[in-house]
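Architecture and fold: a report
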Amino acid sequence: MAGILFIISAPSGSGKSTLVNEVRKQLSGIEFSVSWTTRQPRGSEQHGREYNFTTREEFERMLAAGQFLEHAEVFGNYYGTARSSLELARREGHDLVLDIDVQGAAQVRATMPEAVSIFVLPPNPKVLRTRLRNRSRAEGVENEAEVYRRLGEASKEIENYREYGYILVNDTLDRAVAQLEAIVLAERFYRNDEPIAYRSRRVLEVAAGCLQANSQERLKPVLQAFGILNPPGQRELPFVEDFDEEDSQEEKEDLDKGDSNDEQRGLQ
Ligand code: ADP
Ligand code: 5GP
């Protein structure tokens, strides 16, 4: 049975690594492509687990040798997917998830139009800022400049959402995990005729609801919050620079939401 290639993109901090890790706990047969990068490891990241960390010289040598399926420069560092990841997943008949940016996704779609592409959106810029801050705190680094740099890129990346087949809004974690799981199961069902053992009709409905074509109303408030639907020139993110009480409360709530396992799962 042929494996399916899933591309997942999102502004940094939206929660795509969290979603992919959760879905891999629920479903077997999904490999995660460990990318190569020239950025420094963050927090508890380990070579060979989150990324293969390398130098610019080595990355450029691999690039010249044609070892990358796609690559891009993101936030001043190189990132790339090794062709060998795809070859290995194909040999084993496994699905493969690429967590790559919008530039890399465009390169993969151009050569492999059969790939299933998924764009993950945070519900609004404030939540995104909170998640970026929480993550840097958890990693023991407080880098406000980096948080704002990543926030500044978010709207530009989100403008590419139309290139993706499915759109997820990662608000409540459990619901977003259930939606991603439904997309994987539905694609396996449609492409490989793989039976869905559990609540099959509901799974197909949840996946269909995430198709970009069916998401316009759901996306409107999110796109507005990021200034995507605003006329050019009025796209500044609505931030106050200060970290005030209201933000602090929101950050706490978002943290609680992420940790909670009490939420009703979208499939139940
Ligand atoms: P990405 O891979 O998109 O850069 P991460 O998966 O590292 O993002 O998530 C960024 C931060 O947001 C992490 O601290 C993660 O625990 C948190 N997070 C992810 N999803 C949610 C959610 N639905 N609610 C609250 N926090 C979340
Ligand atoms: P981070 O440094 O936060 O882990 O990732 C920054 C950005 O690089 C994210 O948008 C992530 O999806 C992207 N990225 C990670 N690996 C790759 C890759 O192999 N190729 C491309 N094009 N982007 C990647």
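Use the structure listed above.
My aim in this report is to walk through the structure given alongside it, one point at a time. What you see is a predicted model, and the numbers here were worked out from it, not measured in a lab.

**Quick look at the site of ligand 1**
Looking at ligand 1, there are 16 residues lining it, with Gly 13, Ser 17, Thr 18, Arg 135 and Asn 170 nearest. Interatomic distance of 2.8 Å between a side-chain N/O atom of Asn 170 and a nitrogen atom of ligand 1. Asp 171 is positioned with one of its backbone polar atoms (N or O) 3.0 Å from a nitrogen atom of ligand 1. Taking 570 Å² as the accessible area of ligand 1 by itself, protein coverage stands at 84%. At the level of elements, α1 (16–26), α5 (125–138) and α10 (245–259) are the ones that each hand at least two residues to the shell around ligand 1. Partitioned by chemical class, the residues of the shell around ligand 1 number two nonpolar, nine polar and five charged.

**Quick look at the sheet that holds strand β4 (residues 51–53)**
If you walk across this open sheet you meet the four strands as β4-β3-β6-β5, and the pairing is mixed. Looking at which strands have only one partner, the edges of the open sheet turn out to be β4 and β5 (68–74). Across the sheet, the axes of successive neighbouring strands diverge by a mean angle of 25°, strand direction being ignored. Relative to strand β6 (residues 77–82), strand β3 (residues 35–37) runs antiparallel, the two sharing two bridges. Residue pairing in the sheet places Trp 36 in a bridge with Gly 80 of β6.

**Quick notes on the pattern of salt bridges**
Under the definition given, this model contains 18 salt bridges. Here Lys 25 makes a salt bridge to Glu 22, at a shortest N to O gap of 2.9 Å. A residue pair is termed a helical-turn pair when its members lie 3 or 4 positions apart in one helix, as Lys 25 and Glu 22 do in helix α1 at three residues. Residue classification places Glu 22 among the partly exposed positions, given a relative accessible area of 23%. The salt bridge partner of Glu 153 is Lys 156, with a shortest N-O separation of 3.2 Å. Of this pair, Glu 153 and Lys 156 both sit in helix α6 (residues 144–158), three residues apart, which is roughly one turn of the helix. Ionic contacts of the salt-bridge type, sharing partners, join the residues Arg 39, Arg 42, Glu 45 and Glu 139 into one network.

**Things to note about empty space enclosed by the protein**
The gaps left among the atoms become clear once a water-sized probe is rolled over them. Counted under the stated rule, the structure contains one cavity of 30 Å³ or more. Of the volumes computed, that of the largest cavity is approximately 70 Å³. Lining the largest cavity are Phe 6, Ile 7, Ile 8, Val 20, Val 23, Arg 24, Ile 30, Val 97, Ile 118, Leu 180 and Val 184. Elements that contribute at least two residues to the lining of the largest cavity include exactly β1 (5–9), α1 and α7 (173–192). In terms of residue class, the lining of the largest cavity is made up of ten nonpolar, no polar and one charged.

**Points about the packing of aromatic side chains**
Following the criterion strictly, the structure yields six aromatic pairs and no others. Centre to centre, the rings of Phe 59 and Phe 68 are 4.4 Å apart; their planes meet at 20°, and the pair counts as stacked. The exposure class assigned to Phe 59 is buried, which follows from its relative accessible area of 0%. Under the relative-accessibility criterion, Phe 68 is labelled buried at 5%. Cluster of aromatic residues (ring-pair linked, three or more members): Tyr 51, Phe 53 and Tyr 79. Here the basic side chain of Arg 56 rests over the ring of Tyr 78, its NZ or CZ set 4.4 Å away from the ring centre. Cation over ring: Arg 109 sits above Tyr 164, and NZ or CZ is 4.7 Å from the ring centre.

Reading the values: the criteria
- Residues numbered from 1 in each chain as written.
- Chains lettered and ligands numbered in written order.
- Predicted model: local features only at pLDDT ≥ 70, side-chain atom pairs only at ≥ 80, totals over all residues.
- Heavy atoms only, no water.
- Near = heavy atom within 4 Å.
- Polar contact = N/O pair within 3.5 Å; in protein donor to acceptor, adjacent residues only side chain to side chain.
- Areas by Shrake-Rupley, 256 points an atom, 1.4 Å probe, with all protein chains shown as cover.
- Helix = DSSP H or I, 4+ residues; strand = E, 2+ residues; numbered from the N terminus.
- Nonpolar A, V, L, I, M, F, W, Y, C, P; charged D, E, K, R; others polar.
- Pairing = 2+ DSSP bridges.
- Axes fitted to C-alpha atoms, helices over the stretch in contact; angles between N-to-C directions.
- Salt bridge = Lys/Arg side-chain N within 4 Å of Asp/Glu carboxyl O.
- Buried < 20%, exposed > 50% of the residue type's maximum accessible area, 1.4 Å probe, protein only.
- 1 Å grid on protein atoms, 1.4 Å probe; cavity = no way out; pocket = protein on both sides within 12 Å on 5 of 7 lines; lining within 4 Å.
- Points joined across faces, edges and corners; volume = space filled by probe spheres on them.
- Phe/Tyr/Trp six-rings, centres within 6.5 Å; stacked < 30°, edge-to-face > 60°.
- Lys NZ or Arg CZ within 6 Å of the ring centre and 35° of its normal.

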